[in-house]
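Chain by chain, the residues run as shown.
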Amino acid sequence: MIPKTNKPLPFNWWFKVVLALIVFIPPYAQIPFSPENTTAVIASVMAYPLITSISWVAPLAKWVLLAVVVVLLIMTNKGAEKVLLGYYVIILIIVGLFQNMSFTTAYGFVWLIGNTIVQLIVAVFCLYDLIKRKTVIRQGSLKRSRLWVIPLMVFAFLMPYEVNVAGDVYPAFPISVLFNEAGVTYCMITPVLLGILVLFSDGVYPPTLSIISYVGLVFAALNLVTWFGIQPESWWMGILHLPLLAISILGLLLSDRAKKIRPDAGL
């Protein structure tokens, strides 16, 4: 039985538990696999997702992401939140589906259903915010004390890495950082946009900030366990997820503080 509460869903502990459990829904695979191979199945999808199968999509998406950030900084007080939330809703739908699907060699077609569902749930909350005009990004609300998140945002946007012949990820800053798949990767897009929200948090709807941050934290934690624990040979991939971890924690702390000041009812 779901507990009764007047708090918006993102602030309820049971809703957070449900979101975390959804992520662990077993992947669908055309060729059955043993549960102990789940990590390998997920890695096979993340290595070659459908969204990167068309060569021009990744570089275009990366530059669109950069353009969105530039527009946001120019449009404060002029509807920047509509651009941010509208873009995030669209990219979450695209990435939620096609970053989590792949035609793999060992398992056939694979779909990470849990990832898709959770990311689409976040898209629903952002769409609600957009339609109801809950979030307003104001120019004067820039928090200078949080400017330290900008290097993390830049690091996530660049996503500098290369892969060796063994398939392991290692640190590198090749020219491809200007054209790689950061713009179609949930864990790199989210810290960039979430960074904007924490920099201008005064006008951000607390439930929206909370759910984006919480889901970001869940994915960051899972990736850190994977890349530092299960597959430490690609430890650099874990480093690449630290911006998502740090900014998500900050977003959660800010949303928790903001709900006491702005306890709006709703989703």
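A brief structural summary. (Residues numbered from 1 in each chain as written. Predicted model: local features only at pLDDT ≥ 70, side-chain atom pairs only at ≥ 80, totals over all residues. Heavy atoms only, no water.)

Bringing the side chain of Lys16 into the picture now. Here Lys16 shows up in helix α1 (residues 13-23). Buried and without a salt bridge, Lys16 has Asp256 as its closest oppositely charged side chain, separated by 7.1 Å. Of note is the side chain of Lys16, whose polar atom sits 2.4 Å from the backbone oxygen of Pro10. In contact with Lys16, not counting residues within four places along its chain, are Pro10, Phe11, Ser210 and Tyr214. (Helix = DSSP H or I, 4+ residues; strand = E, 2+ residues; numbered from the N terminus. Buried < 20%, exposed > 50% of the residue type's maximum accessible area, 1.4 Å probe, protein only. Lys, Arg positive; Asp, Glu negative; His and termini not counted. Salt bridge = Lys/Arg side-chain N within 4 Å of Asp/Glu carboxyl O. Polar contact = N/O pair within 3.5 Å; in protein donor to acceptor, adjacent residues only side chain to side chain. Contact = heavy atoms within 4.5 Å.)

So, about the sheet that holds strand β2 (residues 101-104). The strand order β1-β3-β2 describes an open sheet built from three strands, whose pairing is antiparallel. Each edge of the open sheet carries a strand with a single partner, namely β1 (28-29) and β2. (Pairing = 2+ DSSP bridges.)

Considering all chains together, one arrives at eight aromatic pairs under this definition. Aromatic side chains Trp14 and Phe15 sit 6.0 Å apart centroid to centroid with 80° between the ring planes, which places their arrangement in the edge-to-face category. Between Phe33 and Tyr107 the ring centres are 6.1 Å apart and the planes differ by 75°, which places this aromatic pair in the edge-to-face class. Placement of the pair is Phe33 in the loop between β1 and α2 (38-47) and Tyr107 in the loop between β2 and β3 (108-111), with a sequence separation of 74 residues. Among the residues examined, Tyr107 registers a relative accessible area of 13% and is labelled buried. Put simply, the rings of Trp14, Phe15 and Phe125 pair up and form one aromatic cluster. (Phe/Tyr/Trp six-rings, centres within 6.5 Å; stacked < 30°, edge-to-face > 60°.)

This brings us to a nonpolar patch on the surface. Side chains of Ile54, Trp56, Leu60 and Val64 sit close together on the surface and give an oily, nonpolar patch of about 390 Å² of accessible area. Relative to the assigned elements, Ile54 resides in the loop between α2 and α3 (57-74). (Patch = residues over 30% accessible without salt bridge, like charges linked within 9 Å, V, L, I, M, F, W, Y side chains within 5 Å. Areas by Shrake-Rupley, 256 points an atom, 1.4 Å probe, with all protein chains shown as cover.)

Relative orientation of the contacting elements α3 and helix α7 (residues 186-199) amounts to 0°, with a least axis distance of 11 Å. By the angle between their axes, α3 is roughly parallel relative to α7. In this structure, α3 uses Leu65, Val68, Val69, Leu72 and Leu73 to contact α7, whose residues at the interface are Ile189, Val192, Leu193 and Ile196. Here the residues of the contact of α3 with α7 are counted per class, giving nine nonpolar, no polar and no charged. (Axes fitted to C-alpha atoms, helices over the stretch in contact; angles between N-to-C directions. Parallel < 35°, antiparallel > 145°, perpendicular 65-115°, else oblique. Nonpolar A, V, L, I, M, F, W, Y, C, P; charged D, E, K, R; others polar.)

Along the polypeptide, Glu81 turns up in helix α4 (residues 80-98). Although Glu81 is buried, it forms no salt bridge, and the closest oppositely charged side chain is Lys82 at an N-O distance of 5.7 Å. Polar contacts involving the side chain of Glu81 include one to the main-chain amide nitrogen of Ile137, which spans 3.0 Å. Once residues within four sequence positions are removed from consideration, Glu81 is found in contact with Gly86, Thr135, Val136 and Ile137.

Another aspect to go through is α3. Between its terminal C-alpha atoms α3 stretches 26 Å, which fits the 26 Å expected from 18 residues at 1.5 Å a residue. Of the positions making up α3, those classed as buried are Val57, Ala58, Ala61, Lys62, Leu65, Val68, Val69 and Leu72. In an axial view of α3, the angular spread of the buried residues amounts to 135°, which keeps them on one side of the axis. Elements in contact with the buried residues of α3: α4, α6 (149-158) and α7. (Expected span 1.5 Å × (residues − 1). Arc of directions from axis to C-beta.)

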